Amino acid sequence: MAQSKVRDYGRLARDIKDAVGESNIVSAAHCATRLRLVLKESPSAEVTKQISGMPAVIQVVEKGGQYQIVIGTHAKDVYNELIQLLDLDESAQPEMKQSFANRVIATMSAVFAPFVYVLAAAGLVQGALIIITHFAPAFAQTGTYEVLSFISWTPFTFLPVLIAVTASKHFKCNTFIAMWCCLALVNGSWGEIAARIADGETVKFLIFNMAQTTYTSTVLPPLFLVLILSYLERFLEKHVPDVIKALVVPFICAVIMVPATILVIGPVSDGLANAIALGYNSLVNTVPVLAALVVGGIWQVFVIFGVHWGVTPMVLANFANNGCDTFQAFQTCAVVAQAAACLGVFIKTKKSDIKNVAFSAGLTGIFGITEPAIYGVTLRLKKPFIAGCIGGAVGAVIISFFNTVYYVYAGLPGLLTTVNAMGENPTSFTGMMIGVAATIVITVLLVQVIGCDEKEPETVSGGTNPASASVKTSETAVVSEKLSTNENIFCPLNGELRPLKEVNDPTFSGEILGKGVAVIPSEGKLYAPFDGEVSMVFETKHAIGLIKDDVEMLIHIGLETVSLEGKYFDAKVRAGDRIKKGDLLIEFDLEAIAKEGFDTITPVIVSNADDFAQITADETSGRAVAGEHLLTVKR
């Protein structure tokens, strides 16, 4: 009996495709944690149950007109495998029957998810500048501050252009035409014209008066521009003669869409975002405790269902109009609470596998990324998730009494972005710290009191056929005996051994991807570390996945070498191949890779380390010799 491989993404993609039916799949996409399918017909409850039980699948959610399969941080890997299996004719896609709310949710997710980390990184730069200038005010007068400041604001200034890229893919129109139109909206010349209009001058386009709306940092105007552009472009593609189409289509699109946005689309859609923000702000101003309770308490529920992108226009409108925002301050408590719940689980549980996952997921939560915490720990164990919701609600209510706001947009609100609360209100940051501290303490204590809801695997009992039961018991005994022994893993490279903590990549050094050692290669040859099977060869050939029984391995040649796009790498095997210890798997030009400036240190890790009692290395320093014993996997 072979055990299902949790990280055999190719197999998981095939199983999902077969379960929902290839002909039933209209389109496929992914975000950080979910594989998102648009289907012609919703699968039956039995199919959904079948998919929910597949290895690596956490749950299945039908939301926003999408069939969302929650996988966690490896959703992209499953998507990459699935898309290779599908032959989608996008031009023949049927029009899907979706509610207006579902279409809005799906659009917001598709548009914002790809660049949210860019906004988050820019927010961290702004946060760092806040801290530095707080303790050294003179730094704000330096050229260094000026450069870092305009770097941090650039993604927000040109936010319409980022939206043009992602929205054009979602609405299926020409990305470069969309970028041209949105770049025109943030052109400095339009800013000057808008300023003249604001000063009382009347400026016309043809016979129409133009409004003073500006579009830097806006969300809805470029989004609606690209939506309407998609219809205009498709109309022109059908009716413009082929001989002039390449030139005439972008010409007509630009001269129609940019003025139309300035005259109508921009003022109307910008007013819509401001109206939503006004509604939320009215609640904050009249009943701040209620607003805090709702956002701090149930925000992570919105994350689970993938509908959290819907607030982005409102938040950005708050920053553009008021220079501050309360929503992200309350949101921070909700995020910190899930990280704190992981800390509580780490303290409470006696199971080493849960303890290890809780520790790594809690670390990512510090950076505002809660998906590993939610899907890997708190939601899986149920009670810690509830404890986090309670802790987040209490913390948010506390900061509401201090009139705490964020003065700088945080792409991923979390512990590191609490400095964004430093500003004009002297009690803002104080309240933020007290609220966050209360969130952490309450959440951790609640987990200790209510427990982790850890359950041992259920034992199947009963049955009407004793002979059948006897056979199953015998099979189980054989498998258990086979898997009770330790596994030996041998060195796949010649070179120098290094501990994983010395790898200049937090996902490896923090053992988030697994446990093992690293090797600095002295030659460009990678050998099989055991008798087993190739589960995956990355398209760029810089990394390979291997399987032996229930042991799953990842060997990653160099850091950031994916950007070489396969250059200097020659894979000798492919997914599905059986391998013997010592077989040559990949040859690579070590000298050329190093000359390109890449770090060649190669992590050799057991990627499903949490399934085992212990992973021990014979040595983590000294000489690495291919074929010699390297790791022991203890069950």
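Attention here is on the structure that accompanies the text. Starting from 1, residues in each chain are numbered consecutively following that chain's sequence as written. For a predicted model such as this one, the threshold for reporting local features is a pLDDT of at least 70, and the threshold for listing and counting side-chain atom pairs is 80 or more; totals across whole chains, interfaces and linings nevertheless cover every residue. The side-chain numbers reported here are obtained from all heavy atoms of the structure, hydrogens and water having been left aside.

### What about the side chain of Gln328?
Applied cut-off: For helices the rule is a DSSP run of H or I covering at least 4 residues; for strands it is a run of E covering at least 2, with both sets numbered from the N terminus onward. What qualifies as a polar contact is a pair of N or O atoms within 3.5 Å, subject to a donor-acceptor requirement within protein and to the restriction that residues adjacent in sequence count only when both atoms come from side chains. We call two residues contacting when some pair of their heavy atoms lies within 4.5 Å.
Along the polypeptide, Gln328 turns up in helix α14 (residues 327-348). Looking at Gln328, its side chain comes within polar contact range of the main-chain oxygen of Ala410, at 2.6 Å. Setting aside residues no more than four positions away along its own chain, Gln328 makes contact with Val315, Phe319, Tyr406, Val408, Tyr409, Ala410 and Pro413.

### Description of the nonpolar core
This is how it is decided: The set of buried Ala, Val, Leu, Ile, Met, Phe, Trp, Tyr and Cys residues whose side-chain atoms join them within 4.5 Å is what this entry labels a nonpolar core. Relative accessibility thresholds used throughout: buried, under 20% of the residue-type maximum; exposed, over 50%; partly exposed, between the two (1.4 Å probe, protein chains only).
Counting 72 residues, the largest nonpolar core has Ile163, Leu223, Val226, Tyr280, Phe330 and Met432 as its most contacted members. Apart from the residues lying within four places of it in its own chain, the contact partners of Val226 are Ala164, Ala167, Ser168, Phe171, Cys173, Ala178 and Cys182. Formed by 35 residues, the second largest nonpolar core is a distinct cluster that contains Ala528, Phe530, Val551 and Ile586.

### Some details on the packing of helix α10 (residues 220-239) against helix α11 (residues 242-286)
Formally: Inter-axis angles, ranging from 0 to 180 degrees, are taken between N-to-C directions of lines fitted to C-alpha atoms, where helices are fitted over the stretch in contact. Put simply, a crossing is left-handed when the front helix is turned counterclockwise from the back one by less than a right angle, and right-handed when it is turned clockwise.
Running from amino to carboxyl end, α10 crosses α11 at an angle of 145°, the nearest separation of the two axes being 8 Å. Pair α10 / α11 crosses with right-handed handedness.

### Here's the deal with the side chain of Lys17
By the secondary structure assignment, Lys17 is in helix α1 (residues 9-20). Side-chain polar atoms of Lys17 contact the side chain of Asp18, separated by 3.0 Å. The residues contacting Lys17, other than those within four sequence positions of it, are Glu22, Ile25, Leu82, Leu85 and Leu86.

### Topic: the sheet that holds strand β14 (residues 569-571)
What links the strands of a sheet is backbone hydrogen bonding, and the strands pair in either a parallel or an antiparallel sense. Spelled out, the test is: One requirement defines pairing of two strands: DSSP has to find at least two bridges between them.
Read from one edge to the other, the open sheet built from 3 strands follows the order β10-β16-β14, with strand pairing classed as antiparallel. Each having just a single partner strand, β10 (525-527) and β14 make up the two edges of the open sheet. Within the sheet, the average angular offset between the axes of one strand and its neighbour, ignoring direction, is 15°.

### Points about the pairing of strand β4 (residues 66-70)
With 5 of 5 residues buried, β4 is to be regarded as a mostly interior element. Going residue by residue along β4, you find Gln66, Gln68 and Val70 tucked away on one face and Tyr67 and Ile69 tucked away on the opposite face as well. In terms of strand pairing, strand β2 (residues 34-39) meets β4 through 4 bridges, oriented antiparallel. For Arg34, the partnering residue across the bridge sits in β4 and is Val70.

### Describing the sheet that holds strand β15 (residues 578-579)
If you walk across this open sheet you meet the 8 strands as β15-β11-β12-β13-β17-β9-β8-β19, and the pairing is antiparallel. Whereas interior strands pair on both sides, the edge strands pair on one side only; in this sheet they are β15 and β19 (622-624). Examined bridge by bridge, strand β9 (residues 515-521) and strand β17 (residues 602-606) share 5 bridges and lie antiparallel to one another. Within β17, the residue paired with Val519 across the bridge is Thr602.

### As for a nonpolar patch on the surface
Threshold: Exposure above 30% relative accessible area and the lack of any salt bridge qualify a residue for a patch; like charges then connect within 9 Å, and the nonpolar side chains Val, Leu, Ile, Met, Phe, Trp and Tyr within 5 Å. Shrake-Rupley sampling with a 1.4 Å probe provides the accessible areas, and residues are treated as covered by the protein chains on show and by no other component. Any Lys or Arg side-chain nitrogen found within 4 Å of a carboxyl oxygen on Asp or Glu counts as a salt bridge.
Among the surface-exposed residues, Leu283, Val287, Leu290, Leu293, Val294, Ile298, Val301 and Phe302 lie close enough to one another that they form a single nonpolar patch of about 570 Å² accessible area. For the nonpolar patch, the element with the most residues is helix α12 (residues 288-304), which contributes 6 residues. Within the fold, Ile298 resides in helix α12. Residue classification places Ile298 among the partly exposed residues on the basis of a relative accessible area of 38%.

### Points about the environment of Phe346
Positionally, Phe346 belongs in helix α14. For the pair Phe346 and Ala358, spaced 12 residues apart in the sequence, the C-alpha separation amounts to 5.6 Å. Residues in contact with Phe346, not counting those within four places in the same chain, are Lys355, Ala358 and Phe359.

### Some points on the packing of aromatic side chains
Threshold: Geometry of aromatic contacts follows a simple scheme: Phe, Tyr and Trp rings, the Trp one being its six-membered ring, pair when their centres are within 6.5 Å, and the pair is stacked under 30 degrees between planes, edge-to-face over 60, tilted otherwise. Working rule: Lys NZ or Arg CZ, within 6 Å of ring centre, within 35 degrees of ring normal, means a charge sits over the ring.
Applying the stated criterion across every chain yields a total of 8 aromatic pairs. Their ring planes at 75° and their centres at 5.3 Å tell us that Phe156 and Tyr409 sit as a pair that is edge-to-face. Remark: Tyr409 occurs in the loop between α17 (383-400) and α18 (426-450) and Phe156 occurs in helix α6 (residues 143-157); sequence separation between them is 253 residues. When sorted by exposure, Phe156 lands in the same class as Tyr409, which is buried. Here the aromatic rings of Phe346 and Phe359 are separated by 5.6 Å at their centres, their planes lie at 45°, and the arrangement is tilted. Within this pair, whereas Phe346 is found in helix α14, its partner Phe359 is found in helix α15 (residues 352-366), the two being separated by 13 residues in sequence. Classification of Phe346 as partly exposed rests on a relative accessible area of 30%. Through a chain of ring-to-ring contacts, the aromatic side chains of Trp153, Phe156, Phe319 and Tyr409 assemble into a single cluster. The residue whose ring lies beneath Arg234 is Tyr231, and the NZ or CZ to ring-centre distance is 5.2 Å.

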